Every structure is written in structure tokens, then in C-alpha cells.
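# Summary of the model geometry
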Amino acid sequence: MLFKIILIFLLAMVLVGMVGKLVFPSAIDRMKSKALGRGPVCRACGRYIIGKSCDCGKKG
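### Overview of the UniProt feature "transmembrane region" (unreviewed entry) in the chain
Feature annotation in UniProt places "transmembrane region" (unreviewed entry) on residues 6-24, given in this structure's numbering. Along residues 6-24 the backbone is 95% helical and 0% strand, and the end-to-end C-alpha distance reaches 27 Å.

Dropping the structure here:
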């Protein structure tokens, strides 16, 4: 009995995921590109900015 309940729950989650992908097809791509995108980079030297300014001394 418990196995059937778990199986029905998992199938319902798959169905919700499929409907969500059909309704919002580009939402996953936007989230993926935002997560994998580059962080803030200094315009002068090209290194990542940690804090308010870069270590090169120029405000980038």
C-alpha cells in the first residue's frame, strides 16, 4: 500500500514537471544561464571582482 502511494506521488511529480516544461519552456534555460554566467569582471584587467573594487587598483 505504501509503495503504491509513493509511486503515485512520484508519477504526479513527473506529470507536474512535464506540464511546467510545456507551459514555461524557456524558464529552465534562463535559470541555467544565470547560474552558469560569469560574475562581475574588472574591465581593466579581466579578473573577477571580489568586494567593491578590483585588486589592480582601478575601479572596474
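### Considerations on a nonpolar patch on the surface
Residues Met1, Leu2, Ile5, Ile6, Phe9, Leu10, Met13 and Val16 make up a contiguous nonpolar surface patch of roughly 880 Å² in combined accessible area. Look at Val16 and you get exposed, because its relative accessible area is 54%.

### Notes on the state of the cysteines
For the structure on display, the rule yields 0 disulfides. Between Cys42, a cysteine without a disulfide, and Cys45, which holds the nearest cysteine sulfur, the sulfur-to-sulfur distance is 3.7 Å. The class for Cys42 is buried, based on a relative accessible area of 2%.

### Here's the deal with the environment of Gly51
Tracing the backbone shows Gly51 in the segment after α2 (27-36). Accessibility expressed as a relative area gives 65% for Gly51, which makes it exposed.

What counts and what doesn't
Residues numbered from 1 in each chain as written. Predicted model: local features only at pLDDT ≥ 70, side-chain atom pairs only at ≥ 80, totals over all residues. Heavy atoms only, no water. UniProt positions renumbered as here; feature names shortened; annotations may be inferred. Helix = DSSP H or I, 4+ residues; strand = E, 2+ residues; numbered from the N terminus. Patch = residues over 30% accessible without salt bridge, like charges linked within 9 Å, V, L, I, M, F, W, Y side chains within 5 Å. Areas by Shrake-Rupley, 256 points an atom, 1.4 Å probe, with all protein chains shown as cover. Salt bridge = Lys/Arg side-chain N within 4 Å of Asp/Glu carboxyl O. Buried < 20%, exposed > 50% of the residue type's maximum accessible area, 1.4 Å probe, protein only. Disulfide = S-S within 2.5 Å.

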